[in-house]
Structures are given as C-alpha cells and as structure tokens.
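Residues per chain, in single letters:
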Amino acid sequence: QVQLVESGGGLVQPGGSLRLSCAASGFTFSIYAMRWYRQAPGKERELVASITDGGTINYADSVKGRFTISRDNAKNTVYLQMNSLKSEDTAVYYCYALNLSQYWGPGTQVTVSS
C-alpha cells in the first residue's frame, strides 16, 4: 500500500524554523521526483520545492534562500528545511511523488504567528 506521511509541522514564531519530513512507502522512492506543495486558506495549492530522482532542485521564488529540499533514498524520506519563516508561509504543506504514477500525502499544518 502506497503511503506518504508528512510530519514536523506546527506553530512557530516569525523568523523561526521548522523541518518537515515525508516518509514514503509502497513504491520505489528512489526513482520518483518529489515535491512539496502548500495551500493557504482561500488560495490555490502552489508548488514550493521539487527534487528529481537525479537530485535536480527547484524552488518557488517566494522561498528561495529560506527553504531547502533534500532527500534520503536510504530512508525513503524527503525533507523541507524552512528557515526565516514568515506569516505568509502559513499553510498546509503536502508531499507529492511523481513518476508514472503520482501520490499525495495528507498534509501537515504550518502556522507562523507571534
């Protein structure tokens, strides 16, 4: 059974940091491109960061220099290190896997507020 399970979300003050993890199972993680999306209330889901199976990385302009995506194929896990968080980063963050099939995680809430 395919599963993507995000963790690491929570409440953090502006300027703080969080590290999201997405643990994958049920498919060959190493050959999948992995992405982090987010969706804020009343807004469309947007792509935050992506990493291909070969390690090519891209970021949304809004998070460049603050967020870092990485993957550990031995642990079937993708990470999103988020630094210098802003209130506008508040959203539900979703993990997404793409190859011939595509899978979504259930999401984890990130709230940036003082």
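The structure we're discussing is the one just above.
Treat the numbers as computed from the prediction; the structure is a model and nothing was measured.

Peer 1: For the pairing of strand E9 (residues 91–98), give the residues involved together with the corresponding values.
Peer 2: Buried residues dominate E9, accounting for 6 of its 8 residues. Summarising the sheet, E9 and strand E11 (residues 108–112) pair through 3 bridges and their orientation is antiparallel. The partner of Ala-91 across the bridge, within E11, is Val-110. Where E9 folds back onto strand E10 (residues 102–104) in an antiparallel hairpin, the turn is made up of 3 residues.

Peer 1: Any chance you could break down the pattern of salt bridges for me, citing the residues and the numbers?
Peer 2: Considering all chains together, one arrives at 4 salt bridges under this definition. In this structure, the salt-bridge partner of Arg-38 is Asp-89, at a minimum N-O distance of 2.9 Å. With Arg-38 in strand E4 (residues 33–39) and Asp-89 in the loop between strand E8 (77–82) and E9, this residue pair connects regions lying 51 residues apart in the sequence. Its salt-bridge partner being Lys-64, residue Asp-61 comes within 3.1 Å of it at the nearest N-O pair. The exposure classification of Asp-61 matches that of Lys-64, with both residues exposed. Through salt bridges that share partners, Arg-38, Glu-46, Arg-66 and Asp-89 make up one connected network.

Peer 1: For the nonpolar core, give the residues involved together with the corresponding values.
Peer 2: With 29 residues, the main nonpolar core has Met-34, Trp-36, Val-78, Leu-80, Met-82 and Tyr-93 as its most contacted residues. Going through the elements one at a time, strand E3 (18–25), E4, strand E5 (46–51), strand E7 (67–72), E8, E9 and E11 are the ones with two or more residues in this core. What Tyr-93 contacts, discounting residues up to four positions off in sequence, is Glu-6, Leu-20, Trp-36, Tyr-37, Arg-38, Val-48, Phe-67, Leu-80, Met-82, Gly-107, Thr-108 and Val-110.

Calculation notes
All residue numbers refer to positions counted from 1 along the written sequence of the respective chain. pLDDT decides what is reported in this predicted model: residues at 70 or higher carry local features, side-chain atom pairs at 80 or more are listed and counted, and totals for whole chains, interfaces and linings draw on all residues regardless. Hydrogens and water are ignored here; the side-chain numbers use all heavy atoms of the structure. Summary of the burial criterion: residues with accessible area below 20% of their type's maximum are buried, those above 50% are exposed, and those between are partly exposed, where the area comes from a 1.4 Å probe applied to protein chains only. For the purposes of this entry, the term helix denotes a DSSP run of H or I that reaches at least four residues, the term strand denotes a run of E that reaches at least two, and both are numbered from the N terminus. At least two bridges found by DSSP between two strands are what make those strands a pair. Any Lys or Arg side-chain nitrogen found within 4 Å of a carboxyl oxygen on Asp or Glu counts as a salt bridge. To form a nonpolar core, buried Ala, Val, Leu, Ile, Met, Phe, Trp, Tyr and Cys residues must be joined to one another through side-chain atoms within 4.5 Å. The contact criterion used throughout is that any non-hydrogen atoms of two residues lie within 4.5 Å.

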